[in-house]
Amino acid sequence: MDFNIEWHDRLGSTNARMRERFYATDAMASGLVIAARDQTDGRGRQDRKWLSSPNTNLCFSLFLETDAELIKVPSLTMAPALSVTELLNSKGMRAATKWPNDVLVTEKKICGILSERVEQASHRGIIVGVGLNVNMSSEEADSIDRPATSMMIENGRAYDPGQVLEDLLPQLEYWIGEWAAGGFPAIRRVWTENTGPIGKKLIVHDGDIRKTGTLAGFGEHGELLLETDNGHEIIWSGDVS
């Protein structure tokens, strides 16, 4: 995949800008990356805000042209999560993926990823938005309503977000390529190793619904398989703790 990186000093949301770009043209090639040095209205799952101080963290969106069915879109999110995990591990941080779309270090969130499908009559694809905490301070992390960390907190040094993006591109190319060639089954083994182990106790919250059990694995499209007192249950969305 050839990446075409477009940096902006300030955007409301890189996903929103990518979506605007998609619907303003009859064709958009895979590999376009829109990154912002300051993102003022970033969003995560369940419309949560993703806050980032200017020139601090890595906020970008990637477009992948694909005819993948809607049911396959959530598992694409897992390929960039593996990419970020691999990058962080190479820099001495013990990172792990968290279903469905997070990366953790020391059980604290360091990265969130969100994907959405866009479609026109002439072409369609998937936008993947990535928010990686690069230089977030301990004070900023403590102000978030759930445990969070950053590369600077973990390694005690500041990083150039632009260089972090450049370092991440080879991993993105590899893991997205694996997903494009074989869907979630092509990345399931590594995903399970990073997210497991099988048998780990889980609590899944989805709105007012709360389910407890143990991890039994992941289905053909990345859905979580939960072993409960009532047998196997298939979980398509929710927050896991």
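Residues numbered from 1 in each chain as written. Predicted model: local features only at pLDDT ≥ 70, side-chain atom pairs only at ≥ 80, totals over all residues. Heavy atoms only, no water.

(A) Quick peek at the pairing of strand E8 (residues 108–119). In terms of strand pairing, strand E7 (residues 102–105) meets E8 through four bridges, oriented antiparallel. When the bridges of E8 are listed, Val103 appears paired with Cys111. The turn linking E7 back onto E8 is made up of two residues, and Thr106 within it adopts a positive phi angle of 50°. Sheet topology places E8 next to strand E9 (residues 124–132); nine bridges connect them, and they run antiparallel. In the sheet register, Leu114 faces E9, and the bridge partner there is Gly129. (Pairing = 2+ DSSP bridges. Helix = DSSP H or I, 4+ residues; strand = E, 2+ residues; numbered from the N terminus.)

(B) Examining the sheet that holds strand E13 (residues 231–235) more closely. With antiparallel pairing, the five strands of this open sheet are ordered in space as E13-E12-E11-E10-E14. Single-partner strands in this sheet number two, and they are E13 and strand E14 (239–240).

(C) The sheet that holds strand E6 (residues 95–98), seen in detail. Pairing is mixed in the open sheet, where seven strands are placed in the order E1-E2-E5-E9-E8-E7-E6. In this open sheet, the two strands that pair with only one neighbour each are strand E1 (4–8) and E6. Averaged over all neighbouring strand pairs, the angle between strand axes comes to 20°, with direction disregarded. Bridge count between strand E5 (residues 58–65) and E9: eight bridges; the pairing is antiparallel. The residue bridging Ser61 from the neighbouring strand is Gly129, located in E9. Sitting on the sheet, helix H3 (residues 78–90) is in contact with E6, E7, E8 and E9, with an inclination near 165° to E6. Sheet contacts for helix H6 (residues 161–182): E1, strand E2 (32–36), E5 and E9; angle to E5, the most-contacted strand, approximately 30°. (Axes fitted to C-alpha atoms, helices over the stretch in contact; angles between N-to-C directions. Contact = heavy atoms within 4.5 Å.)

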